[in-house]
Amino acid sequence: MTANTEKKLVSLPQKRYYRQRAHSNPIADHCFDYPAHPDEVNWVEFYPDYGAYPSAKRVEFADVGCGYGGFLVTLSEMFPDRLAIGLEIRVKVSDYVMDRIKALRCQYVGRYRNIACIRTNAMKYLPNYFVKHQLDKMFFLYPDPHFKKAKHKWRIINQALLSEYAYVLKKGALVYTMTDVDDLHKWIVQHMAEHPLFVRLTPEEEASDPITPKLYESSEEGAKVVRNKGCHFLAIFRRI
């Protein structure tokens with residue numbers, strides 16, 4: 001194998017070959033393969049070193065609507081001993097993330113083996129992948145705002161779904177939310193504040209979290225907001 005051929009094999013995927021509509025109807029019927037129970041998930045398929053982790057070790061971080069995987073890569077670098085999963089509903093976008101992780105693993109041998117991506121609908125199938133009190137952190141970064149009032153039921157944060165999130169989260173686990181849409185930010189804060197199992201962190205607690213600075217530019221959406229000099233609205237909540 002020539003050096004040029006080897007380099008070609010491990011090149012990072014290019015987004016122009018994975019373009020897709022920015023919006024997807026999460027209520028529509030999509031074709032998904034999903035497990036009937038979390039015990040049926042073959043995590044070795046996603047994490048090559050999964051068997052090397054302690055038997056009690058599980059996926060603990062979930063990036064819901066992970067987009068093109070920029071923040072997922074950051075999580076891998078920040079927490080090399082923790083397993084993180086990206087959940088993405090759009091087929092071409094999830095394909096890009098999977099190919100990106102494969103390329104990174106080839107380029108940096110031994111690294112990025114603790115992250116993976118699944119194409120699924122988190123609004124429907126989250127409990128099919130995670131057992132009660134499994135997750136330590138969930139991330140909702142720049143979710144689809146669904147501006148029209150008739151589509152607010154499609155928003156990833158609502159009272160019914162918050163109870164599902166509380167089910168899969170550990171006591172004391174954190175939920176990170178960030179958006180560049182003020183109306184959506186107010187919606188998220190209102191709904192989470194009204195839920196009995198979540199409490200918002202103080203500004204001091206948010207600022208002291210080492211993940212907070214990474215939320216602004218690690219994801220592709222966040223970087224775009226920075227380039228366009230837009231506003232970021234952050235809110236972090238603790239599962240109580």
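Calculation criteria
Residues numbered from 1 in each chain as written. Predicted model: local features only at pLDDT ≥ 70, side-chain atom pairs only at ≥ 80, totals over all residues. Heavy atoms only, no water. UniProt positions renumbered as here; feature names shortened; annotations may be inferred. Helix = DSSP H or I, 4+ residues; strand = E, 2+ residues; numbered from the N terminus. Contact = heavy atoms within 4.5 Å. Core = buried A, V, L, I, M, F, W, Y, C linked by side-chain atoms within 4.5 Å. Buried < 20%, exposed > 50% of the residue type's maximum accessible area, 1.4 Å probe, protein only. Pairing = 2+ DSSP bridges. Expected span 1.5 Å × (residues − 1). Axes fitted to C-alpha atoms, helices over the stretch in contact; angles between N-to-C directions. Left-handed = near helix turned anticlockwise from the far one by under 90°. Nonpolar A, V, L, I, M, F, W, Y, C, P; charged D, E, K, R; others polar. Salt bridge = Lys/Arg side-chain N within 4 Å of Asp/Glu carboxyl O.

Draft legend 1. Region of interest: the UniProt feature "binding site: S-adenosyl-L-methionine" (unreviewed entry) in the protein. Taking the numbering used here, the UniProt-annotated feature "binding site: S-adenosyl-L-methionine" (unreviewed entry) corresponds to G65, E88, I89, N121, A122, L141, S219, E220 and E221. Locating G65 in the fold gives a position in the loop between β1 (61-64) and α2 (70-78). Here G65 is in contact with L87 and E88, once residues within four sequence places are set aside. Mapped onto the elements, N121 comes out in the loop between β3 (115-119) and α4 (122-129).

Draft legend 2. Molecular detail of the nonpolar core. W43, Y47, I85, F130, M138, Y165 and F198 are the most contacted members of the largest nonpolar core, which totals 44 residues. Setting aside chain neighbours within four positions, we find F198 in contact with L162, Y165, A166, L169, V175, M192, F237, R238, R239 and I240. By size, the runner-up hydrophobic cluster in this structure holds 29 residues, among which are A84, I101, C117 and L215.

Draft legend 3. Up close: the UniProt feature "active site" (unreviewed entry) in the protein. The UniProt feature table records "active site" (unreviewed entry) at D144. With respect to the secondary-structure elements, D144 resides in the loop between β4 (135-141) and α5 (159-168).

Draft legend 4. Up close: the pairing of strand β7 (residues 233-239). The element β7 is largely enclosed, with a buried count of 5 among its 7 residues. Relative to β7, strand β5 (residues 169-179) runs antiparallel, the two being bridged by 6 bridges. Note on β7: the bridge partner recorded for T179 is F233. Pairing of strand β6 (residues 198-200) with β7, which is carried by 3 bridges, proceeds in the antiparallel orientation. If you follow R200 over to β7, its bridge partner there is F237.

Draft legend 5. Representation of helix α6 (residues 182-194) in the model. If you check α6, its first and last C-alpha atoms are 18 Å apart, about what 13 residues at 1.5 Å a residue would give, namely 18 Å. Buried positions along α6 lie against α5, β5, β6 and β7.

Draft legend 6. Broad picture of the sheet that holds β4. Ordered in space as β3-β2-β1-β4-β5-β7-β6, the 7 strands form an open sheet in which the pairing is mixed. The open sheet terminates on both sides in strands that have one partner only, identified here as β3 and β6. Ignoring strand direction, the axes of neighbouring strands in this sheet form an average angle of 20 degrees. Sheet strands in contact with helix α3 (residues 91-107) are β2 (84-88) and β3, and its direction is about 160 degrees off that of β3.

Draft legend 7. Main features of the packing of α2 against α3. In the contact formed by α2 and α3, the axes pass within 10 Å of each other and the chain directions differ by 35 degrees. Taken as a pair, α2 and α3 cross one another with a handedness that is right-handed. On the side of α2, the interface is formed by G70, L72 and V73, while α3 contributes V97, R100, I101 and L104. Of the residues assigned to the contact of α2 with α3, the class counts are 5 nonpolar, 1 polar and 1 charged.

Draft legend 8. Looking closely at the pattern of salt bridges. Using the criterion set out here, one finds 9 salt bridges in the structure. Close ionic contact of R155 with D183 constitutes a salt bridge, the shortest N to O distance being 3.1 Å. Of this pair, R155 sits in the loop between β4 and α5 while D183 sits in helix α6, placing them 28 residues apart in sequence. Assessed through its relative accessible area of 43%, D183 is described here as partly exposed. Residue D182 pairs with K186 through a salt bridge whose shortest N-O separation is 3.2 Å. Of this pair, D182 and K186 both sit in helix α6, 4 residues apart, which is roughly one turn of that helix. Of the residues examined, D182 reaches a relative accessible area of 32% and is grouped as partly exposed.

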